[in-house]
Amino acid sequence: MKEKKLLRALGNVDNQYIKEAEPMKKTSKITNRQKWVSVAACFVLVAVIGVGVFRSKLFGTKNDIATLDSGETITFVKNDLSQSSINLNVTTRPLSDAEIEMLFADLPVTADAYFDADNHNILGFEGKIGDTRMVVSKQGVNLLDTIIDGNTITSSVDGVDINAGYFVTKSNSQGIKTVIYYATFDMGENTIYVEYSGTENESETVKNNLVDTILQLIENGAFDLSQIQE
């Protein structure tokens, strides 16, 4: 947006100098001086614009936007990631096939449920939907060991607000970087976190696979974790 305004301002400066030069055509000395002043001013303004564009590209946040068939979009913001420890007293067990079918119908889910060790209420679960990592927490509970450091942009898909992003790891010993796309959104009384990873040169495939999973979960709808007993 700023670049467009600057470019329009440059156009206005050009027109203004042309109009101011027209009444002075009789005095060629003044006209030439005006011309060089105009050219110098334009060069200065172009130089300022060039620096502005360069700084914008160099220091700006890079967003990756996925456009859905519906025309809606999900904006993935480039961020940093760090790990944290979870200080919860829990017990765990795998979700049964019947429980998975009750929650997710025919989606390919495998997961371990987390229960509060004191009152035995379910807190959420962690597992996979296909090859996508998924962490589901009851609202007010944090089962995520990942800290997202950076900006967020909220997208809306079928009325569901989604905060999404991606980050790139440092190169490994083979010089390969890993890209991880992630998204967080609320469904009913639960918060869902999903992430999908791959090599950096597969980033488009990684992003699209995660988007497919998000759409599947939104289509599946909200579910009631209280039906899961320890």
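The preceding data block contains the structure.
The rules we used
Residues numbered from 1 in each chain as written. Predicted model: local features only at pLDDT ≥ 70, side-chain atom pairs only at ≥ 80, totals over all residues. Heavy atoms only, no water. Helix = DSSP H or I, 4+ residues; strand = E, 2+ residues; numbered from the N terminus. Buried < 20%, exposed > 50% of the residue type's maximum accessible area, 1.4 Å probe, protein only. Contact = heavy atoms within 4.5 Å. Areas by Shrake-Rupley, 256 points an atom, 1.4 Å probe, with all protein chains shown as cover. Pairing = 2+ DSSP bridges. Polar contact = N/O pair within 3.5 Å; in protein donor to acceptor, adjacent residues only side chain to side chain. Arc of directions from axis to C-beta.

Asks: How should I be thinking about the overall build of the chain in this particular structure?
Replies: When you go through the chain residue by residue, the secondary structure sums to 4 helices and 12 strands. Counting across all 230 residues of the chain, residues that qualify as buried make up 32%. When contacts within the chain are restricted to residue pairs at least 6 apart in sequence, long-range pairs at least 24 apart make up 53% of them. Accessible surface, the chain: about 14300 Å² in total, of which carbon and sulfur atoms supply 50%.

Asks: Could you clarify how one ought to interpret the pairing of strand β12 (residues 190-199) in this entry?
Replies: It is a general feature of regular strands that their side chains alternate between the two faces of the sheet. Counting buried positions over the 10 residues of β12 gives 7, a clear majority of the element. As paired strands, strand β11 (residues 178-187) and β12 are joined by 10 bridges and run antiparallel to one another. Within β12, the position partnered with V179 by the bridge is G198. Connecting β11 to the next strand, β12, in antiparallel fashion are 2 residues, including G188 with a positive phi near 65°.

Asks: Looking at this structure, how should I read the environment of A113?
Replies: Tracing the sequence through the fold places A113 in strand β5 (residues 109-116). For the pair A113 and E126, spaced 13 residues apart in the sequence, the C-alpha separation amounts to 6.7 Å. Excluding residues within four positions of it along the chain, A113 makes contact with T91, T92, R93, L95, I122, G124 and F125.

Asks: Got a minute to help me understand unusual backbone geometry in this structure?
Replies: For residues other than glycine, phi is negative in most cases, and the peptide bonds are mostly trans. At A105, a position not held by glycine, the phi torsion is positive, near 55°. With a relative accessible area of 44%, A105 lands in the partly exposed category.

Asks: Sorry if this is basic, but what is going on with the pairing of strand β1 (residues 63-67) here?
Replies: Residues D64 and A66 line the buried face of β1, whereas the alternating positions N63, I65 and T67 sit on a face that is not buried. Of the strand pairs in this sheet, β1 and strand β2 (residues 73-78) are connected by 5 bridges, and their pairing is antiparallel. Paired with D64 across the two strands is F76, which belongs to β2. Taken together, β1 and the strand that follows it, β2, pair antiparallel across an intervening segment of 5 residues, in which G71 is found at a positive phi of about 95°.

Asks: What's the story with the side chain of T132 in this structure? I'm lost.
Replies: For T132, the position within the fold is in strand β7 (residues 132-138). What makes T132 buried here is its relative accessible area of 1%. At 3.1 Å, the side chain of T132 forms a polar contact with the side chain of T213.

Asks: What is the right way to read helix α3 (residues 97-104) from this model?
Replies: An α-helix turns once every 3.6 residues. As a result, residues three or four positions apart point the same way. What α3 keeps buried is the set E99, I100, L103 and F104. Projected onto a plane normal to the axis of α3, the buried residues spread over an arc of 100° and lie on a single side. Seen from the open side of α3, the exposed residues pointing more than 90 degrees away from its buried face are D97, A98 and E101. Tucked into the core, α3 has its buried residues touching β4 (90-94), β5, β6 (122-129), β7 and α4 (203-220). Where α3 ends, the next residue or the one after it, A105, has phi of about 55°, a positive value.

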